[in-house]
Every structure is written in C-alpha cells, then in structure tokens.
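Remarks on the overall topology
Here is what each chain is made of, one letter per residue.
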Amino acid sequence: MQRGGGCLSGLQRTGSQIASLYPCSNASRQVLNLSGFWDFRFDPGDAGLDAGWGAGFAPQRPIAVPASWNEQFEEALDYLGPAWYQTRFILPWGWSGKRVRLRFGSVNYLAAVWLNGAHLGEHEGGHLPFEFDAAPYLRAGENLLVVRVEGELAPDRVPPGRIPPDPRDDFPHRNHPDTSFDFFPFCGIHRPVVLYATPRDAITDLTVRTELEGTTGLVRVRLDRTPGDGATARLSLKGHGAEVAEEVSLSGETAEIELTLPDVAPWSPEAPNLYELAAELSRGGEVFDRYSLPVGVRTVTVEGDALLINGEPVKLRGFGRHEDFPVAGRGLVPPAVVKDYALMRWVGANSFRTSHYPYSEEAMDLADRLGFLVIDETPAVGLFFAEEGLGRRLQLCRQYVRELVARDKNRPAVILWSLANEPHSKRPGAKEFFRELYGLTKSLDPTRPVTLASMHEEADEAFEFCDLICLNRYFGWYTEPGMLEEGFARLSEDLDAAHARYHKPVIVTEFGADALPGCHSHPPEMFTEEYQAEMISGYVRVLEEKPYVAGQHVWNLCDFKTAQEARRVGGMNLKGVFTRDRRPKLAAHRLRQFWNARHDEDTRKERA
Ligand code: GCU
C-alpha cells in the first residue's frame with residue numbers, strides 16, 4: 001500500500017488543549033464513552049482532505065476503537081496512514097448548556113478532528129491525552145465525529161524516522177518500516193475517546209503534592225477552575241480511619257489548600273495506601289461541581305548513591321516493557337494490563353519503566369493501586385541532534401513533558417520522569433537540549449527526580465541534567481557476543497566507571513537477550529532460552545554487588561512486535577522473559593528465584 005503525504009496546512013488550526021484530570025462520572029459530571037466499532041477507510045492517495053471527508057465519508061469497513069489498525073487488517077500491517085475514522089452518537093438530554101469536552105486518550109501519530117463538519121483542530125504525538133471544547137459544535141440528537149489519523153515517519157517528528165543514512169556508515173541500518181527506534185510504529189486511535197460534561201463553572205485541575213513529617217502527612221493541593229463568580233472550595237481527604245477537610249473562599253481561578261493527616265498511612269510499594277481526595281465548589285451553600293481522585297502520601301528523594309521512598313532506600317526490580325498485544329497492536333487491552341501486573345508480581349518485580357512512551361491512564365491507575373514504582377517516560381526515543389529539524393524536535397519534546405506532567409503529576413506510583421530513551425546525546429547540541437527539558441520538568445514538578453536512559457558509556461552530554469543515571473547495557477549480546485563472562489566483567493567495570501564519573505545512583509534500565517521460545521542448547525548459545533537466562537542471571541549477580549545500583553530493569557517483560565530487519569526474527573524483538581501471548585520462558589523462572597522470595601512470603605501470609 002502506498003503511503004499518503006497530505007498536509008493540513010490549509011485547515012484553520014484551532015488546536016487541541018492539554019488534558020489533565022481523567023473524566024469521571026458523579027452527581028455533577030457525566031461521561032459518554034465512544035469506544036466500539038467505528039466506520040473506517042484507508043486513504044492511500046490522501047484524497048480525503050480535499051474531498052471534504054471531515055463532514056462524513058463512505059465507509060469501507062468497521063474497525064475496533066481503541067486499537068491499532070495495523071494488525072486488524074492483513075493488507076495494512078506496514079501502512080502508516082492517512083486513514084479516516086467516523087462514529088455517530090446521540091447527545092444525552094441535559095447536556096446542552098453544559099461545558100462539554102471531547103477527549104482522546106491517545107492517537108498515534110497525528111490526529112485531525114471534525115465534529116458535525118466543523119474542524120476542531122489537530123494534535124501531534126501519540127500516547128498522551130488531548131481534548132477539545134466540543135460544546136459549540138454539538139447538536140441535539142445525532143452527532144457525527146470524524147478523525148483523520150496518520151503515523152508517517154519523518155526526521156523532524158518525535159520519535160523520528162526515515163532519517164537520511166549517514167554516508168559514513170558502511171552498512172546503514174535499514175529496517176521496514178524505517179524507524180529510528182526498536183518497536184513497531186503502530187497507528188490508530190489507541191485509547192478511549194470520550195465526551196464529558198461538567199457545569200459551565202467547574203474544577204479544571206488539581207495538583208497534589210505530599211510530604212511526611214514524622215507520622216504526619218501533609219497534602220498540599222492547588223485547585224484550578226474556570227473563570228466564574230466567587231465560590232467556596234472545600235477539599236476533604238478520607239481513608240484509613242481518617243477524614244479531614246478545609247474550606248476557602250475562591251474569588252479568582254486558583255486556590256491553594258493544605259490538609260494535615262496525623263498518623264498518616266503512607267503510600268509505599270509494600271503498602272500502597274490511598275486516600276480519596278474530594279474537591280467541591282459551592283455557592284450559597286449549594287455544591288455545583290465535584291471531582292475526586294486517589295491520593296498516596298509519599299516522598300521520593302535521591303541522597304548520595306540511594307533512591308529513597310519515604311526516606312527509606314529502595315531497590316527497583318522490574319522491567320522495560322511495551323504496550324503491545326496481538327491484533328490490538330498498541331491499543332488498550334484491559335485484560336492484558338491486569339495480566340502483566342500479575343506476571344510482574346509472580347516474578348517478584350516492584351517496578352517498571354514506561355518504555356518508550358507514556359502508558360495508558362488505566363494502566364497507571366493500577367500501578368497506583370498495586371504499589372508499583374514507575375519510571376514515567378516521554379515518547380522521545382531515537383532523538384538525534386543534527387541541526388536540521390532540531391528546533392521542531394525540541395518543541396515537540398517540550399510539549400510532551402508538559403502533557404505528561406499534567407496527566408501523571410498526582411500519581412504516587414510515578415517516582416521518576418524519564419526525558420528520553422537512548423538519545424544520540426554524545427553529539428553537540430544535546431547538552432542545551434536537555435538543559436532546557438530538565439529545567440522545564442523541574443519547573444512543572446519540583447517533587448520528582450528527573451533522568452533519561454542512555455546507551456552511551458561515556459561523555460553523555462545529558463547526564464549533567466539527570467538526578468540519577470539510567471544505563472541500557474548489552475555486554476555479552478551486541479558486544480562480546482556468546483561470551484557471557486567477558487560481558488559480565490565489562491558490565492562491572494563500566495558501571496564502576498560511570499559511578500566514579502557522575503557520583504549518582506545508577507539504574508540499569510535495560511539488560512537482556514533475545515530467546516526463541518522453545519530453543520535450547522547446552523552449553524548456552526545465543527538465541528536460546530538458556531543463554532537468555534544465564535545472561536540475565538549474571539547481570540543480576542553483578543548488580544546486586546554494587547551498592548550504588550538503585551535498580552535493575554530487564555529488557556523486556558514480553559516479546560514485542562518491531563520493524564522487520566535482519567536481527568528481528570518474524571519482525572519480533574524476542575528479549576521478553578514472557579512470550580507475546582504471555583507464556584514464561586526459562587528466564588522468567590530464573591528471575592523468580594532471584595526476586596520473588598519476598599513475594600512468596602507475602603502470598604503465604606495473605607493466604608494464612
Ligand atoms: C535498546 C533500546 C530498546 C531495544 C533494545 C534492543 O537499548 O532502548 O528499545 O529494543 O535496545 O536492542 O533489544
């Protein structure tokens with residue numbers, strides 16, 4: 001299938017807005033979820049814009065939303081757009097006159113949106129929510145929503161693709177599709193699309209920061225609201241036998257309130273205690289809007305060579321992952337989300353990184369509830385620093401940082417922001433790039449450490465702007481192939497050198513090996529389950545000996561789909577310790593022996 005190449009420059013860019021609070025239903029708010037089967041058609045000739053498909057089009061076939069399109073139709077695997085979606089819905093009674101927002105959980109990569117033929121605007125970048133003011137374009141009865149999606153790879157996008165080969169490379173790395181990252185560039189509406197209604201005068205955001213003073217929890221809340229007449233803001237915290245509340249009069253659009261919880265039940269991986277924070281706006285004693293969310297009282301700090309949760313050193317044990325499942329591609333699959341947490345618990349993991357893009361809000365909700373420690377990563381993977389397009393790539397990274405912090409800032413599970421994965425940051429220009437992103441992140445959220453995951457062994461210009469060092473290492477695989485002991489020795493030297501250079505805690509955010517399920521050898525040889533198990537075991541032994549190593553994340557929890565190339569059998573990255581359909585390899589059992597002693601003990605206690 002040929003790819004489109006259309007542009008939207010002729011359209012009036014009304015633009016999407018940052019989405020923060022996850023839509024909820026309660027006495028003052030309602031949500032209409034548009035998930036289901038939508039009309040769909042490909043547009044290989046990019047004819048739809050000029051043909052006015054935004055006002056409706058003749059559908060070719062039904063498609064499931066949310067999900068990628070690539071594995072739903074056999075002729076679409078490598079087709080990266082443009083494609084068109086449309087669905088019809090009936091406006092609920094009582095919504096006219098309300099503030100109504102149209103919210104997308106994630107569309108990869110570029111979305112353009114029409115409502116009843118009116119162009120609402122576009123959003124660039126997958127994996128983060130965005131929304132539009134829909135009220136002016138809605139009508140009583142039936143409404144038509146149309147979305148144009150394309151996931152074209154381009155050097156000035158983030159993540160980039162189709163980077164012109166460097167003439168200095170003897171064998172330019174070629175894969176299909178031509179990505180500069182190692183996962184499949186799935187396209188489509190990947191998470192739920194909802195309309196939600198609030199009063200015209202409503203709470204628009206809540207920012208929660210928590211402290212611990214001895215056995216007392218301090219919860220500082222900033223409440224933002226739509227411009228409106230004076231009102232009273234009441235905030236209450238309930239849970240674990242406590243209920244505290246504070247009220248302030250609100251003349252402007254912002255209120256700052258502090259709540260105190262004596263004998264607080266802190267949030268931690270061992271005890272992910274949550275309280276319900278309820279915010280209410282009232283006037284003349286009558287409540288007109290309410291929003292509630294879970295709050296975990298905890299602190300995250302870096303001191304010397306240690307990462308601390310609530311002042312106690314913690315060691316991360318877990319995985320780099322992907323949102324990837326057969327047929328659904330990168331689409332939200334709730335049973336797979338539940339399954340992956342159960343598998344991580346079974347192995348004895350307490351942590352994961354959202355490699356290489358933010359995961360769904362639904363999955364992050366479970367991390368908060370189950371007590372997993374999350375390194376929350378932006379979609380900036382494969383960044384390179386050639387002058388051409390650099391400004392645009394920085395603009396996109398700034399947007400992603402703003403969108404990610406706005407979405408996940410209140411989550412106790414999120415303990416670290418990762419600005420990027422494996423940027424080519426030995427090159428000039430990287431230093432200023434990450435100085436700016438680090439500064440922006442700290443200005444938006446001074447409470448969490450900031451890092452990025454690097455493949456470099458020295459002179460990574462970005463490490464100056466990391467509160468701790470995250471390293472991706474494959475000695476014994478991409479280098480020292482077939483030579484496990486040499487790989488382990490090199491790992492040990494490399495980590496000591498990195499720590500001696502930067503004097504910061506180190507997390508090894510990737511290590512592992514491909515293993516063809518069912519492929520065995522003795523002695524272990526590359527691509528067998530034995531080699532993968534031995535590689536991971538050897539790394540774990542080295543890492544356990546290093547006091548400055550604050551975490552170990554195996555790459556990867558599960559096998560996942562990637563672009564086709566000579567090193568990827570069947571277009572798959574097989575470094576999972578579980579297969580793509582979640583069956584354990586030898587390495588999963590081996591990790592369990594290392595990590596899950598505590599898990600088994602906890603389970604025995606739970607079942608006693
Ligand atoms: C890199 C990269 C991953 C990739 C892995 C691999 O470190 O961060 O996205 O999948 O190596 O080569 O398997």
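Just so it is clear, the model here is predicted, and its values are computed rather than measured. (Residues numbered from 1 in each chain as written. Predicted model: local features only at pLDDT ≥ 70, side-chain atom pairs only at ≥ 80, totals over all residues. Heavy atoms only, no water.)

What to know about the overall build of the protein
The helix and strand inventory of the protein stands at eight helices and 34 strands. The C-alpha atoms of the protein give a radius of gyration of 24 Å, which matches the 25 Å a tight globule of 608 residues would have. Taken over 608 residues, the protein has a buried fraction of 60%. Considering only contacts within the protein whose residues lie at least 6 apart along the sequence, 71% involve residues at least 24 apart. Of the roughly 23400 Å² of accessible surface on the protein, 52% is carried by carbon and sulfur atoms. Mean positive and mean negative side-chain charge positions of the protein (68 and 86 charges, respectively) differ by 2 Å. (Helix = DSSP H or I, 4+ residues; strand = E, 2+ residues; numbered from the N terminus. Rg over C-alpha atoms; globule rule 2.2 N^0.38 Å. Buried < 20%, exposed > 50% of the residue type's maximum accessible area, 1.4 Å probe, protein only. Contact = heavy atoms within 4.5 Å. Areas by Shrake-Rupley, 256 points an atom, 1.4 Å probe, with all protein chains shown as cover. Lys, Arg positive; Asp, Glu negative; His and termini not counted. Charge placed at Lys NZ, Arg CZ, Asp CG, Glu CD.)

Things to note about the domain arrangement of the protein
The domain boundaries assigned to the protein delineate domain 1 (4–197), domain 2 (203–295) and domain 3 (307–607). Each of domain 2 and domain 3 was reduced to a C-alpha centroid, and the two centroids are 33 Å apart. Of the residues lining the interface, 15 residues belong to domain 2; the matching set on domain 3 comes to 17 residues. Of the roughly 1200 Å² buried at the junction of domain 2 and domain 3 (both faces included), carbon and sulfur atoms supply 59%. When the area that domain 2 buries against domain 3 is broken down by residue, the three leading residues are Arg 209, Trp 267 and Pro 269, summing to 49%. (Domains from an automatic or database assignment. Buried area = accessible area lost by both parts, 1.4 Å probe.)

Observations regarding the nonpolar core
One finds Trp 38, Trp 69, Tyr 85, Leu 145, Val 147, Phe 319 and Phe 434 to be the most contacted residues of the largest nonpolar core, which totals 140 residues. Taken domain by domain, the makeup of this core includes at least three residues from each of domain 1 (4–197) and domain 3 (307–607). Setting aside residues no more than four positions away along its own chain, Trp 38 makes contact with Arg 61, Pro 62, Ile 63, Val 65, Tyr 85, Gln 86, Thr 87, Leu 145, Val 147, Ile 189 and Val 193. Within the second largest apolar cluster, 29 residues are counted, among which are Val 244, Ile 257, Tyr 291 and Val 295. (Core = buried A, V, L, I, M, F, W, Y, C linked by side-chain atoms within 4.5 Å.)

A short note on helix H5 (residues 484–502)
Taking 1.5 Å per residue, 19 residues should reach 27 Å; H5 reaches 27 Å between its end C-alpha atoms and fits that length. Within H5, burial applies to Leu 484, Gly 487, Phe 488, Leu 491, Ser 492, Asp 494, Leu 495, Ala 498, His 499 and Tyr 502. Elements that come into contact with the buried residues of H5 comprise strand S30 (469–472), strand S31 (506–510), helix H6 (529–544) and strand S32 (549–555). Two residues or fewer after H5 comes His 503, characterised by a positive phi angle close to 50°. (Expected span 1.5 Å × (residues − 1).)

Section: the pattern of salt bridges
A side chain with one charge can pair with a side chain of the opposite charge if their charged atoms come near. Summed over the entire model, instances satisfying the criterion amount to 42 salt bridges. Residue Arg 103 is joined to Glu 361 by a salt bridge in which the shortest nitrogen-to-oxygen separation is 2.8 Å. Here Arg 103, found in strand S7 (residues 99–104), pairs with Glu 361, found in helix H2 (residues 361–370); they are 258 residues apart in sequence, far enough to count as distant. Residue Glu 361 is classed as buried on the basis of its relative accessible area, which comes to 3%. The closest approach of N and O atoms between Arg 580 and Asp 324, which form a salt bridge, is 2.6 Å. (Salt bridge = Lys/Arg side-chain N within 4 Å of Asp/Glu carboxyl O.)

Considerations on the packing of aromatic side chains
Applying the stated rule across the entire model yields 37 aromatic pairs. Aromatic pair Trp 555 and Phe 560: ring centres 5.8 Å apart, planes at 85°, arrangement edge-to-face. As far as the burial class goes, Trp 555 and Phe 560 line up, both buried. Each residue in the set Trp 38, Phe 40, Phe 42, Trp 69, Phe 73, Tyr 79 and Tyr 85 is aromatic and connected to the rest through ring pairs, giving one cluster. Above the face of the Tyr 341 ring, Arg 321 is positioned so that its terminal group lies 5.7 Å from the ring centre. Above the face of the Phe 352 ring, Arg 321 is positioned so that its terminal group lies 4.6 Å from the ring centre. (Phe/Tyr/Trp six-rings, centres within 6.5 Å; stacked < 30°, edge-to-face > 60°. Lys NZ or Arg CZ within 6 Å of the ring centre and 35° of its normal.)

Quick word on the pairing of strand S20 (residues 275–283)
Where burial is concerned, most of S20 is hidden: seven out of the nine residues are buried. Looking at chain direction, strand S17 (residues 231–239) and S20 are connected through seven bridges and run antiparallel. Counterpart to Arg 234 in the pairing with S20 is Glu 280. When S20 meets strand S21 (residues 286–295), the two strands line up antiparallel, connected through nine bridges. Bridging across to S21, Tyr 275 finds its partner in Val 295. Adjacent in sequence and paired antiparallel, S20 and S21 are bridged by two residues, among which Gly 284 carries a positive phi angle near 60°. (Pairing = 2+ DSSP bridges.)

So, the confidence of the model for the protein
Considering every residue of the protein, the mean pLDDT works out to 94; 94% of them sit at 70 or more. This model gives residues 1–14 a pLDDT under 50, and the stretch forms 39 contacts once residues within four places in sequence are excluded. (pLDDT = per-residue confidence, 0-100.)

Overview of unusual backbone geometry
With an omega of 20°, the peptide bond running from Asn 108 to Tyr 109 counts as cis. With respect to the helices, strands and loops of the structure, Tyr 109 is situated in the loop between strand S8 (107–108) and strand S9 (110–115). The omega torsion of the bond from Ser 355 to His 356 falls at -10°, within 30 degrees of zero and hence cis. With a phi angle near 50°, Asn 116 is a residue other than glycine that sits in the positive phi range.

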